[in-house]
Amino acid sequence: NTGAMPAPIYLTGQRTVEATLGAHALKTSIQAALIGIVILMIYMIVMYRVLGLLADIALSIYAVLFFAILKMPLFLFSSQYIVLTLAGMAGIILSIGMAVDANVLIFERMKEELRKGKMFKTAAETGFARAWPSIRDGNVSTFITCTVLFLVGTSMVRGFAITLGLGVLLSMFSAIVITRFLIRKIADSPIAENTAAFGVPAPKEDT
């Protein structure tokens, strides 16, 4: 009331929200996220086949790492823990989309190289090299936004910023380290010789 104008305040309405309402909303949000992840995994396999399967494995590892971080004290420097709220769930779901987006950029670059007739190992390294600037710029700009939101935002906004920021860091790790490791393993296997397994038709031989 300090500095307020000397004007009367009249109570025109009052509403009480039970805790079960928030719990129900959080439960349905988690269910929606799980359904979305399953649909996303199926879509990746349909579009990119073996590469999509590798992306799904990397996404599963990403989810496990994210869950483990949520169970640890905040940034390992505080006794407080990240509380999973609706805003936090929104940040997690958005970061999942960004994690898949990085894989899509890499795979599309790889498919371009495979269509040119290059070997799978060469296409993989070239695809990562060409996709990295886009992945880096997109994730860094998002992380800067999360930092600003955390510094100037309120509690709910900070929850969104923390989960999205963590998701951005993990998505870069997932795409650059995990997915790259899996693709290099595939490059040394007989599957790498079958371009159709990656959604690229085999080049027609000249007659």
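Residues numbered from 1 in each chain as written. Predicted model: local features only at pLDDT ≥ 70, side-chain atom pairs only at ≥ 80, totals over all residues. Heavy atoms only, no water.

**Section: the overall build of the chain**
Secondary structure summary: the chain contains 5 helices and 0 strands in total. Along the chain, helices and strands appear, N-terminal first, in the series α-α-α-α-α. A sequence separation of at least 24 residues applies to 71% of the contacts in the chain between residues at least 6 apart. A total accessible area of about 13100 Å² is found for the chain, and carbon and sulfur atoms account for 67% of it. (Helix = DSSP H or I, 4+ residues; strand = E, 2+ residues; numbered from the N terminus. Contact = heavy atoms within 4.5 Å. Areas by Shrake-Rupley, 256 points an atom, 1.4 Å probe, with all protein chains shown as cover.)

**Notes on the packing of aromatic side chains**
For the structure on display, the rule yields 3 aromatic pairs. A ring pair is formed by Tyr 62 and Phe 66, whose centres lie 5.9 Å apart and whose planes are at 75°; its orientation type is edge-to-face. You can see Tyr 62 and its partner Phe 66 sitting in helix α2 (residues 50–70), 4 residues apart, about one turn around the helix. Judged on exposure class, the residue Tyr 62 and its partner Phe 66 are both buried. One residue, Arg 180, lies across the ring of Phe 128, its end atom 5.0 Å from the ring centre. (Phe/Tyr/Trp six-rings, centres within 6.5 Å; stacked < 30°, edge-to-face > 60°. Buried < 20%, exposed > 50% of the residue type's maximum accessible area, 1.4 Å probe, protein only. Lys NZ or Arg CZ within 6 Å of the ring centre and 35° of its normal.)

**Quick look at helix α5 (residues 155–187)**
Between its terminal C-alpha atoms α5 stretches 46 Å, which fits the 48 Å expected from 33 residues at 1.5 Å a residue. Maximum bend of α5: about 35°, positioned at Ser 174. (Expected span 1.5 Å × (residues − 1). Bend = angle between axes of the 7 residues up to and from the residue.)

**A few points about the pattern of salt bridges**
This model, assessed by the stated rule, comprises 8 salt bridges. Residues Glu 112 and Arg 109 are paired through a salt bridge, measuring 3.8 Å at the closest nitrogen-oxygen approach. Here the residue Glu 112 and the residue Arg 109 both occupy positions in helix α3 (residues 86–115), the gap between them amounting to 3 residues, near one helical turn. Residue class for Glu 112 comes out partly exposed when judged on its relative accessible area of 33%. (Salt bridge = Lys/Arg side-chain N within 4 Å of Asp/Glu carboxyl O.)

**Focus: the nonpolar core**
Formed by 40 residues in total, the largest nonpolar core has its most connected members in Leu 51, Ile 106, Phe 107, Met 110, Phe 120 and Ile 183. For this core, the secondary structure elements donating two or more residues are α1 (19–48), α2, α3, α4 (120–152) and α5. No other element matches the 10 residues that α3 contributes to this core. Once residues lying within four places of it in the same chain are set aside, the contact partners of Ile 183 are Leu 51, Leu 54, Phe 107, Met 110, Phe 120, Ala 124 and Phe 128. If you look at the next biggest cluster of nonpolar residues, it comprises 5 residues, including Met 98, Cys 146, Leu 164 and Val 168. (Core = buried A, V, L, I, M, F, W, Y, C linked by side-chain atoms within 4.5 Å.)

**Quick word on the packing of α3 against α5**
Orientation of α3 relative to α5, taken along the N-to-C sense of each, is 25°, at an axis distance of 7 Å. With respect to α5, the element α3 is oriented roughly parallel. The way α3 lies across α5 gives a crossing that is right-handed. Of the residues contributing to the contact of α3 with α5, the split by class is 16 nonpolar, 9 polar and no charged. (Axes fitted to C-alpha atoms, helices over the stretch in contact; angles between N-to-C directions. Parallel < 35°, antiparallel > 145°, perpendicular 65-115°, else oblique. Left-handed = near helix turned anticlockwise from the far one by under 90°. Nonpolar A, V, L, I, M, F, W, Y, C, P; charged D, E, K, R; others polar.)

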